[in-house]
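Residue-level structure breakdown
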Amino acid sequence: MFLFLRLRNSAHLQRARARQVMAIFHLTAKFGSKGKGMRAIDKFDYISRNGRFAVKHDGPLLYLESGNMPPWAADNPREFWLAADEFERANGSLYHELEFSLPRELDANDRLIAAREFVHSVAGATFPYSFAIHGNKGNPHVHLMVSGRKQDGMPRGANQFF
């Protein structure tokens, strides 16, 4: 919410107001539970449009970013989500997901800035995350995956991180 309040004075939103167009915000929160048979790698492949998700679903991939990854996954965040599936405890949460809309009134660059600000406000500097912007017709939106496992500054391999 604060993100859109900060952007309310942007030139794009000013023009939208002049046309009496209003951005509608949507946010959905979910989590991936290992105990319910979910897999973090499937969600990551979905948001990054890998494998079986490369062609279909809710619009093309416009942007993908990951951050706060441990050193062993810094160059390949897919390895992090694979490790979550393998090493997270049986009743653990593999990831938390926020899916939120972006105002159509903003251009692509402003949408990216808005998405990054929101993602960094959620994940901070310690929680590993991956997010993607999808550009479905008239419905630009973000899928954000955040791990509940915090970077604590201690060097840990994948089997000890989870």
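Description of the environment of threonine 126
Looking at the secondary structure, you find threonine 126 in the loop between helix H5 (108–123) and strand E4 (129–136). C-alpha of threonine 126 to C-alpha of lysine 150: the two residues are 24 residues apart in sequence and 5.5 Å apart in space. Residues contacting threonine 126, with those up to four places away along its chain left out, are Asn68, Arg149, Lys150 and Gln151.

A look at the packing of helix H3 (residues 40–48) against helix H4 (residues 77–87)
Relative to each other, H3 and H4 sit at 150 degrees, their axes nearing to 7 Å. As far as their axial angle goes, H4 and H3 are roughly antiparallel. Contacts from Ala40, Ile41, Phe44 and Asp45 of H3 reach H4 at Pro77, Arg78, Trp81, Leu82, Ala84 and Asp85. Class assignment of the residues belonging to the contact of H3 with H4 gives a composition of seven nonpolar, no polar and three charged.

Quick look at the sheet that holds strand E2 (residues 61–67)
Here we have five strands laid out as an open sheet, ordered E1-E3-E5-E4-E2, and antiparallel in their pairing. Either end of the sheet is taken by a strand with one partner, and the two such strands are strand E1 (27–33) and E2. Strand-to-strand twist of the sheet, defined as the mean angle between neighbouring strand axes without regard to direction, takes the value 15 degrees. By the bridge criterion, seven bridges tie E1 to strand E3 (residues 93–101) in an arrangement that is antiparallel. Along E3, the bridge assignment pairs glycine 32 with tyrosine 95. Lying on the sheet, H5 is in contact with E1, E2, E3, E4 and strand E5 (139–146); it crosses E4 at an angle near 150 degrees.

Some remarks on the nonpolar core
Counting residues in each nonpolar core, the largest one holds 19 residues, and the members touching the most others are Ala40, Phe80, Trp81 and Met145. Looking at this core, the elements that each hand over two or more residues are H3, H4, E3 and helix H6 (158–161). With five residues, the single largest contributor to this core is H3. Every residue in contact with alanine 40, bar those within four places of it in the chain, is listed here: Trp81, Ala84, Asp85, Leu94, Tyr95 and Met145. In this structure, Phe100, Ala115, Ala123 and Tyr129 belong to the second largest nonpolar core, which totals 14 residues.

Thresholds applied
Residues numbered from 1 in each chain as written. Predicted model: local features only at pLDDT ≥ 70, side-chain atom pairs only at ≥ 80, totals over all residues. Heavy atoms only, no water. Helix = DSSP H or I, 4+ residues; strand = E, 2+ residues; numbered from the N terminus. Contact = heavy atoms within 4.5 Å. Axes fitted to C-alpha atoms, helices over the stretch in contact; angles between N-to-C directions. Parallel < 35°, antiparallel > 145°, perpendicular 65-115°, else oblique. Nonpolar A, V, L, I, M, F, W, Y, C, P; charged D, E, K, R; others polar. Pairing = 2+ DSSP bridges. Core = buried A, V, L, I, M, F, W, Y, C linked by side-chain atoms within 4.5 Å. Buried < 20%, exposed > 50% of the residue type's maximum accessible area, 1.4 Å probe, protein only.

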